[in-house]
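# Residue-level structure breakdown
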Amino acid sequence: MKILVLAIASLTAMGCEAQKSETPSILDRGAGDLHGDGSVSDQDTDGPQAMIRGRFESAGPVKSCGEIVDTTGPDGLLLRPKMNTCGDDIAALASTIVANLDHAAQRGKRVLLVIGQGINLPQSWLARCKTYRLDDPRFSGELCLPWDANYLADLRRALVETIGPAVAGHAALAGVYFTITTMTNGAEFHFRVAKSAFPYPGDATFRGAYEKVMDLFQQAFSVPVVFEAGHCPFSDSPDCEAPLALYRYTRDTYGKAKAGIALWNCAERFWAGQGAGMDTFGVKTLIEEATSDGVSIGCQTVGSFTRGACRFSSNEVGSYGDRAGLTGDNCDEADPTFDPEGACVDTLNWFTGASQKHGSSVTIRGTWGELWSRDLATDGVYHTSAACRAAVDRLSLP
């Protein structure tokens, strides 16, 4: 299923009935200027490309070398190749990315690029590095330990020497996601392994590897380099200092114009009340700091509004429907509380800083959205609900 960037995340089903109180969010700091409708002005002191803005479709992955991905995103798409999409041929991967950028530009669209790592590395890289086997119910395979010198050398050749020069100056490239090997699905910050079962090298080496990889991304690309920040690594003792440290390092080293975060579990319920667990609630400080700094902040929703409205429900924010299954967007659409429009409007109001459903929710001011393809279909809520469309359109390009 394709997705309009606002999420891929945990499928925690939370309670339903709750009082829906509208609590204005307080946005008293930051570079942007919040308007009465929740939209954000283009004010920033760090340069013309300081903000990623727009309504992007989280389109299907690039499944084969040379494949062109189309989009129904109003402003563009999230392009999702893997580092091994073209096997060991990084030049072919670069050509595939450029072809998609050209295709988007011809249609007046822009591209957010995320090159998946995790277990998705070329075989030649794995043969040269010290590896670790990830055994997750959905993602299993070998990955390079991110502090390994051979891995870092291969990544430099890929990003700084090959892909970066190929896309330099391309008008369609809006931003690039930081990725690293210790990401369960190759793109999100979570790393769902027990720290006690992982060859953890200590905080300095582990977090230092993230900084070294960020350095390579920043050297390779002139656009903002952002990372998914809705989660913390390790399942037994979530390390929420790791994403915060990476954000501060990026901001302080490269400036606000080159920094940013995104939530791929974008839903107010994760940061309302006591949240949905430390794996996500622990990044609350990071979200607030990034909002205060006025950097680019993206929202990929935790599910589609059209079929997955129930995934936005909790006791803290209210009910948008009940779950009918344990995976995916399995909501009971016959339930009278099933409310795709309400989930859309309330989530976008929260994400853009217009209002929030719970008084202790994290304060956030988002700048771009990645929408599920189901929501952008002709019978999706973006097209069937004027209220939802107006809420999403606050993120449109200026």
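Located above this text is the structure these notes cover.
Small disclaimer: the values here were computed from a predicted structure and weren't measured.

This structure, assessed with the given rule, holds 6 disulfides. A disulfide bridge connects Cys65 with Cys86, and the sulfur atoms are separated by 2.1 Å. On the sign convention where negative is left-handed, the bridge of Cys65 and Cys86, at about 95° about the S-S bond, is right-handed. In this pair, Cys65 is assigned in the loop between β2 (54–58) and β3 (76–79) and Cys86 in the loop between β3 and α1 (90–106), connecting sequence segments 21 residues apart. Judged by relative accessible area, which is 40%, Cys65 ranks as partly exposed. Between the sulfur atoms of Cys310 and its disulfide mate Cys331 the distance is 2.0 Å. Between Cys310 and Cys331 the sulfur-sulfur dihedral comes to about -85°; the bridge is accordingly left-handed. You can see Cys310 sitting in the loop between α8 (305–308) and α9 (340–352) and its partner Cys331 sitting in the loop between α8 and α9, a full 21 residues away along the chain. For the pair Cys310 and Cys331, one class covers both residues: buried.

Following the sequence through the fold, Ala257 ends up in the loop between α5 (241–254) and β9 (260–266). Taking relative accessible area as the criterion, Ala257 reaches 12% and is therefore assigned buried. For Ala257 and Met51, which are 206 residues apart along the polypeptide, the C-alpha to C-alpha distance reads 6.8 Å.

Angle between the axes and distance between the axes are the two parameters that describe a pair of packed helices. Running from amino to carboxyl end, α5 crosses helix α7 (residues 284–293) at an angle of 20°, the nearest separation of the two axes being 9 Å. By the angle class used here, α5 and α7 are roughly parallel. Between α5 and α7 lies a crossing of left-handed hand. Touching Pro243, Leu244, Tyr247, Arg248 and Arg251 of α5 are Thr285, Leu286, Glu289, Ala290 and Asp293, all from α7. When the residues that make up the contact of α5 with α7 are grouped by side-chain class, the tally is 5 nonpolar, 1 polar and 4 charged.

So, how was this worked out
Residues numbered from 1 in each chain as written. Predicted model: local features only at pLDDT ≥ 70, side-chain atom pairs only at ≥ 80, totals over all residues. Heavy atoms only, no water. Disulfide = S-S within 2.5 Å. Helix = DSSP H or I, 4+ residues; strand = E, 2+ residues; numbered from the N terminus. Buried < 20%, exposed > 50% of the residue type's maximum accessible area, 1.4 Å probe, protein only. Axes fitted to C-alpha atoms, helices over the stretch in contact; angles between N-to-C directions. Parallel < 35°, antiparallel > 145°, perpendicular 65-115°, else oblique. Left-handed = near helix turned anticlockwise from the far one by under 90°. Contact = heavy atoms within 4.5 Å. Nonpolar A, V, L, I, M, F, W, Y, C, P; charged D, E, K, R; others polar.

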